[in-house]
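So the chains spell out like this:
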Amino acid sequence: MKGIIFYYSGSGNTRLACQYMSKKLENIDLELFNVVKNKEIPELDSYDIVGFATFIDFAGPPFLFEKFIENLPQQKDKLAFVFMTFGFKYGKGLKILAKRVSERGFRVVTGHTLKVPESYPPANVRRIGNTNNPVKWRLKNFNRFILDFNYIIRSFLDEGEIEIRKLRISLLNKLFPESFHTPTKARDDMGKKFVDEVLCTECGTCEKGCPYNAIYLDPKPKFDMTKCFGCWYCYNHCPEKAIYTKKFRGKGHYPRPNNQLKKKLSA
Ligand SMILES: Cc1cc2nc3c(=O)[nH]c(=O)nc-3n(C[C@H](O)[C@H](O)[C@H](O)COP(=O)(O)O)c2cc1C
Ligand code: SF4
Ligand code: SF4
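In this text, all values refer to a predicted model and were calculated from it rather than measured experimentally.

What exactly am I supposed to notice about the overall build of the protein chain here?
In terms of regular secondary structure, the protein chain is built from ten helices and nine strands. Its C-alpha atoms give the protein chain a radius of gyration of 19 Å, within 12% of the compact-globule value 18 Å for 267 residues. Relative to its 267 residues, the protein chain shows a buried fraction of 40%. Of the contacts formed within the protein chain by residues at least 6 apart in sequence, a portion of 77% connects residues at least 24 apart.

Shown next, in the form of structure tokens:
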């Protein structure tokens, strides 16, 4: 079976988890497609199943990913799965993602959320989340999800019938109202960004990496707040830690997966 995972990963946790899944899913030859870097969407007819993977951004999918899905051609029951990483609570995030995917005509077969280290600097400063995630039982559950997914695909190939799994949400996450997630919440929360002009070397990392094209160098970075969606990529990735906000400066950065996560997901 041929598959593709469309993914958006700001700090690399989700990408790493997708690479792990692609190695462990036995009957699917899975390609990974970075929706920020690659502009040309491949012909979906050449895939039997499509994965949608991203991180929890204020208890829902990031705005960019929602737009990406909205712009996909309407499908007729194409098989799909959803996957999200998160650092603290995912709320109704996975359900919202599955809803968006279903609205485009995909048939969501299964899905999973994996708790990993926080990429959201304010959470790291406040010590919310655990840098050692996924702890043992969460990794076990992730592997169980992959095993079950292998079972679903094997029975589909053998018997031609697909089993659909109900998406699981823990009780605490169920308590989050869907309305908690709005497209501009992250932007409003992050607010204005500033640049320490002494530290900034005008390297262009922030401009090149901003997934929303909200930064231009002049010669120091300038931010277009109408385009910014508060993803913290520029803050997290500036090699000089020169970007700051009203409340956060020089602390809480998470530019890439930490070593323990790399080790756990390297199998
Ligand atoms: C802007 C922003 C908002 C976030 N919101 C949440 C959230 O509401 N709940 C949560 O559990 N984690 C939240 N996180 C943490 C990420 O979902 C988590 O660290 C994820 O693994 C990052 O994935 P990535 O490395 O693929 O970008 C947020 C991170 C960012 C940058
Ligand atoms: S990434 Fe940092 S150092 Fe590089 S241009 Fe942006 S603010 Fe300046
Ligand atoms: S300006 Fe910074 S926070 Fe805003 S979208 Fe770009 S990278 Fe994200």
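What's the story with unusual backbone geometry in this structure? I'm lost.
Note that the residue after Asn133, namely Pro134, is joined by a cis bond; omega there is 5 degrees. Mapped onto the elements, Pro134 comes out in the loop between helix 4 (121-125) and helix 5 (136-159). The omega torsion of the bond from Asp218 to Pro219 falls at -15 degrees, within 30 degrees of zero and hence cis. Of note, the phi angle at Asn213 is positive, near 50 degrees, even though the residue is not glycine. One can find Asn213 in the loop between helix 8 (205-209) and strand 7 (215-217). The backbone phi angle of Trp232 is positive, close to 70 degrees, even though this residue is not glycine.

Looking at this structure, I do not really get the site of ligand 1. What am I missing?
Residues in close proximity to ligand 1 total 25 residues, the closest being Ser9, Ser11, Asn13, Thr14 and Phe55. Looking at the shell around ligand 1, the elements with two or more residues in it are helix 1 (13-24) and strand 4 (78-86). Residues that form the shell around ligand 1 fall into these classes: twelve nonpolar, ten polar and three charged. Split by domain, the shell around ligand 1 shows at least three residues from each of two domains, domain 1 (2-177 + 258-264) and domain 2 (192-245).

What is the right way to look at the pairing of strand 5 (residues 106-115) in this model?
Here is the key point about a regular strand: its side chains alternate between the two faces of the sheet. Counted residue by residue, strand 5 has eight buried out of ten residues, so it is predominantly covered. Direction of pairing for strand 4 relative to strand 5: parallel, over a ladder of nine bridges. Across the sheet, Phe81 pairs through a bridge with Thr110, a residue of strand 5. Of the crossover connections in this fold, the one passing from strand 4 over helix 3 (residues 93-103) to the parallel strand 5 is right-handed.

What's the story with the environment of Ile215 in this structure? I'm lost.
Looking at the element boundaries, Ile215 is found in strand 7. Distance from Ile215 to Cys234, taken between C-alpha atoms, is 8.9 Å for residues 19 residues apart in sequence. Sequence-distant contacts of Ile215, that is, excluding residues within four places in its chain, are made with Cys206, Glu207, Cys210, Pro221, Phe223 and Cys234.

Would you explain the domain arrangement of the protein chain in this entry?
Accessible area lost on assembly of the parts is the figure often given for the size of an interface. Domain annotation of the protein chain identifies domain 1 (2-177 + 258-264) and domain 2 (192-245). Taken over C-alpha atoms, the centre of domain 1 sits 28 Å from the centre of domain 2.

Teacher, can you tell me more about the site of ligand 2 here?
Lining the immediate surroundings of ligand 2 are 13 residues, of which Cys200, Cys203, Thr205, Cys206 and Cys238 lie closest. Here the shell around ligand 2 is built from residues that sort into eight nonpolar, three polar and two charged.

Explain the environment of Ser119 to me, please; I cannot follow it from the model alone.
With respect to the helices and strands, the residue Ser119 is situated in the loop between strand 5 and helix 4. Exposure remark for Ser119: the 30 C-beta atoms within 10 Å place this residue in the buried category. Measuring from C-alpha to C-alpha, the distance between Ser119 and Tyr233 comes to 9.2 Å, with 114 residues separating the pair along the chain.

Got a minute to help me understand the sheet that holds strand 2 (residues 29-34) in this structure?
As a general point, the strands of a sheet are linked pairwise by backbone hydrogen bonds and lie either parallel or antiparallel. Pairing is parallel in the open sheet, where five strands are placed in the order 2-1-3-4-5. Each edge of the open sheet is held by one strand with a lone partner, namely strand 2 and strand 5. Each strand axis lies, on average, 20 degrees off the axis of its neighbour in the sheet, ignoring direction. On the sheet, helix 1 packs against strand 1 (2-7), strand 2, strand 3 (49-55), strand 4 and strand 5 and is oriented at approximately 150 degrees with respect to strand 3.

Reading the values: rules and limits
- Residues numbered from 1 in each chain as written.
- Chains lettered and ligands numbered in written order.
- Predicted model: local features only at pLDDT ≥ 70, side-chain atom pairs only at ≥ 80, totals over all residues.
- Helix = DSSP H or I, 4+ residues; strand = E, 2+ residues; numbered from the N terminus.
- Rg over C-alpha atoms; globule rule 2.2 N^0.38 Å.
- Buried ≥ 20, exposed ≤ 12 C-beta atoms within 10 Å, placed from the backbone.
- Contact = placed C-beta atoms within 7 Å.
- Near = placed C-beta within 6 Å.
- Nonpolar A, V, L, I, M, F, W, Y, C, P; charged D, E, K, R; others polar.
- Domains from an automatic or database assignment.
- Pairing = 2+ DSSP bridges.
- Right-handed = clockwise from strand over helix to strand, strands pointing away.
- Axes fitted to C-alpha atoms, helices over the stretch in contact; angles between N-to-C directions.

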